Amino acid sequence: MNELEPLIGREESMVTVLDRVRLTVGRFQPTRVGAYHVTCSDEAEWECADAFQRWFAERMLPGLKPGSRAPFRSINLGGRYEPGALAVAESHYAASGSDGITVIVAKINAHVGVVETSEGVRFGHFPRYGQESTCCGALTAALSDEAPIPASAELRETLGRTRLAALNDGETVPPDLRLLFAAVANARLQSRRAVEELTTLPAHTPTHFLVVAGVSINRPGPDTELLVSVDHIDRTDVAAKHATIGLDDDPAAYKVSVDLGRLVLADAQFQPPGFAMHAEIQLSRTPSSDTAAVSDGDPDDPASLTEPLPEIDDAQSQAE
Ligand SMILES: [Zn+2]
């Protein structure tokens, strides 16, 4: 996990994150590699799925059939881990052989949109088809519960009452950052659901599972990713070994800053190096009346950041 640790809590290009995931997998010198990818159904997450396909699946996975290398996937509202999915995925990839070591990467993505205005940026909305809309809409609905969707109950149960209260309290979590923090906590919590299963899952071959949780940041330009946590579950021996590193799941504890235009997140459990040296994000207005109501967004939404985040170039991504 040493290759991934420097990226935790930092906004990076998706290519950078996936390069490091491949590097980490390579350290195990696996005989075979499998993958499971969880994303929200939102079409804004296509870019995340496409990046995973290009920069991981095409380079690491066995051929399912000629010209086709594919991860096992869960695509649902809110990017929820699907209980039992990793057991099925593991059995599929184990079919490609029983010798040597297997590595299975479970990449679990939550997401949040960003709207950039002359005043700055705000998280939780995305300009799509000429209008602002909530993004992630499923998480927005779960925070409010005023206009629930079928996924809301499960997301609310996963987030829990204390986190929901913190996210909906403008004094605890600035409204501008509510959906960013909700996405980070959700990614961490969904990854924990996967890890819980993996510690008892009877693997068919000696297997290292890497559970990589991140938040896709849906931008008008190339999307980026903020890596939240990495869990390593070693199932190469009878007893499972588990190592974890990353941000915790308490949105009330998250602190955000900006380093060269990129977001950096820290909490009591994990601080990216140099966090205290980075520029503090100043929120221009943080009205407590800005509740988590589900809407298609409002261009006059007063929640904004005084320091705009420049668009991040992703030269490698553009080149492909
Ligand atoms: Zn979503």
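Conventions and cut-offs
- Residues numbered from 1 in each chain as written.
- Predicted model: local features only at pLDDT ≥ 70, side-chain atom pairs only at ≥ 80, totals over all residues.
- Heavy atoms only, no water.
- Helix = DSSP H or I, 4+ residues; strand = E, 2+ residues; numbered from the N terminus.
- Buried < 20%, exposed > 50% of the residue type's maximum accessible area, 1.4 Å probe, protein only.
- Contact = heavy atoms within 4.5 Å.
- Areas by Shrake-Rupley, 256 points an atom, 1.4 Å probe, with all protein chains shown as cover.
- Salt bridge = Lys/Arg side-chain N within 4 Å of Asp/Glu carboxyl O.
- Core = buried A, V, L, I, M, F, W, Y, C linked by side-chain atoms within 4.5 Å.
- Axes fitted to C-alpha atoms, helices over the stretch in contact; angles between N-to-C directions.
- Parallel < 35°, antiparallel > 145°, perpendicular 65-115°, else oblique.
- Nonpolar A, V, L, I, M, F, W, Y, C, P; charged D, E, K, R; others polar.
- Pairing = 2+ DSSP bridges.
- Left-handed = near helix turned anticlockwise from the far one by under 90°.
- Phe/Tyr/Trp six-rings, centres within 6.5 Å; stacked < 30°, edge-to-face > 60°.

A count of helical and extended segments in the chain gives seven helices and 15 strands. Split into buried and exposed, the 320 residues of the chain put 55% on the buried side. In the chain, 68% of the contacts between residues at least 6 apart in sequence involve partners at least 24 apart. Approximately 13300 Å² of the chain is accessible, and the part contributed by carbon and sulfur atoms is 50%.

When you tally the buried positions in helix H4 (residues 137–144), you get seven out of eight residues, the bulk of the element. Along H4, the residues classified as buried are Ala-138, Leu-139, Thr-140, Ala-141, Ala-142, Leu-143 and Ser-144. Positive phi shows up at Asp-145, right after H4, with a value of about 60 degrees.

Before going further, it helps to spend a moment on the environment of Leu-159. Looking at the secondary structure, you find Leu-159 in helix H5 (residues 152–167). Classification of Leu-159 by relative accessible area gives buried; the value is 0%. Once the C-alpha coordinates of Leu-159 and Leu-139 are considered, the two residues, 20 residues apart in sequence, prove to be 9.9 Å apart.

All right, on to the pattern of salt bridges then. Tallied over the full model, the rule gives 19 salt bridges. A salt bridge links Arg-122 to Glu-132, with the shortest nitrogen-to-oxygen separation between them at 2.6 Å. Of this pair, Arg-122 sits in strand E5 (residues 120–123) while Glu-132 sits in strand E7 (residues 131–134), and the two are 10 residues apart along the sequence. The partner of Asp-249 in a salt bridge is Arg-163, and the shortest N-O contact between them spans 3.2 Å. On the criterion of sequence distance, the pair formed by Asp-249 in the loop between strand E10 (241–246) and strand E11 (255–259) and Arg-163 in helix H5 is long-range, its members being 86 residues apart. By relative accessible area, Asp-249 is classed as buried at 12%. Shared partners join several salt bridges into a network, and the residues in it are Arg-10, Glu-12, Asp-259 and Arg-262.

This next bit is on the nonpolar core. Of all hydrophobic cores here, the largest spans 65 residues; its most connected members are Phe-56, Leu-180, Phe-181, Val-215 and Leu-265. At nine residues, the largest contribution of residues to this core is made by helix H6 (residues 178–198). Grouped together as the second largest cluster of nonpolar side chains are 15 residues, Tyr-81, Leu-86, Val-195 and Phe-209 included.

Running from N to C, H4 and H6 cross one another at 100 degrees; their axes reach a closest spacing of 10 Å. When the axis of H4 is compared with that of H6, the two are roughly perpendicular. Contacts between H4 and H6 involve Leu-139, Thr-140 and Leu-143 from the former and Arg-178, Leu-179, Ala-182, Ala-183 and Asn-186 from the latter. Of the residues assigned to the contact of H4 with H6, the class counts are five nonpolar, two polar and one charged.

On to the pairing of E10, then. By the bridge criterion, six bridges tie strand E9 (residues 224–235) to E10 in an arrangement that is antiparallel. Residue pairing for E10: His-232 is matched across the bridge by Ala-243. Linking E9 to E10, which pair antiparallel, is a turn of five residues.

Bringing the pairing of E5 into the picture now. On E5, burial covers both faces: Gly-120 and Arg-122 on one face and Val-121 and Phe-123 on the other are all buried. Sheet topology note: the strand E4 (residues 102–117)/E5 ladder contains four bridges and is antiparallel. Bridge pairing in E5 places Thr-117 opposite Gly-120.

All right, on to the packing of helix H1 (residues 14–27) against helix H2 (residues 46–60) then. Two quantities define a packed helix pair, namely the angle between the axes and the distance from one axis to the other. Direction vectors running N to C along H1 and H2 enclose 30 degrees, while the axes themselves pass 10 Å from each other. Taken as axis vectors, H1 and H2 run roughly parallel relative to one another. Crossing hand, H1 versus H2: right-handed. The segment H1 lies against H2, with Met-14, Val-15, Leu-18, Asp-19, Val-21, Arg-22 and Val-25 engaging Glu-47, Cys-48, Ala-51, Phe-52, Trp-55, Phe-56, Arg-59 and Met-60. Of the residues belonging to the contact of H1 with H2, the class tally is 11 nonpolar, no polar and four charged.

This part takes up the packing of aromatic side chains. Applying the stated criterion to the full structure yields four aromatic pairs. Between Tyr-36 and Tyr-81 the ring centres are 5.8 Å apart and the planes differ by 85 degrees, which places this aromatic pair in the edge-to-face class. You can see Tyr-36 sitting in strand E2 (residues 32–40) and its partner Tyr-81 sitting in the loop between strand E3 (72–76) and helix H3 (85–94), a full 45 residues away along the chain. Residue Tyr-36 shares its accessibility class with Tyr-81, and that shared class is buried. Measuring from ring centre to ring centre gives 5.4 Å for Phe-181 and Tyr-254, while their planes differ by 90 degrees; the resulting arrangement is edge-to-face.

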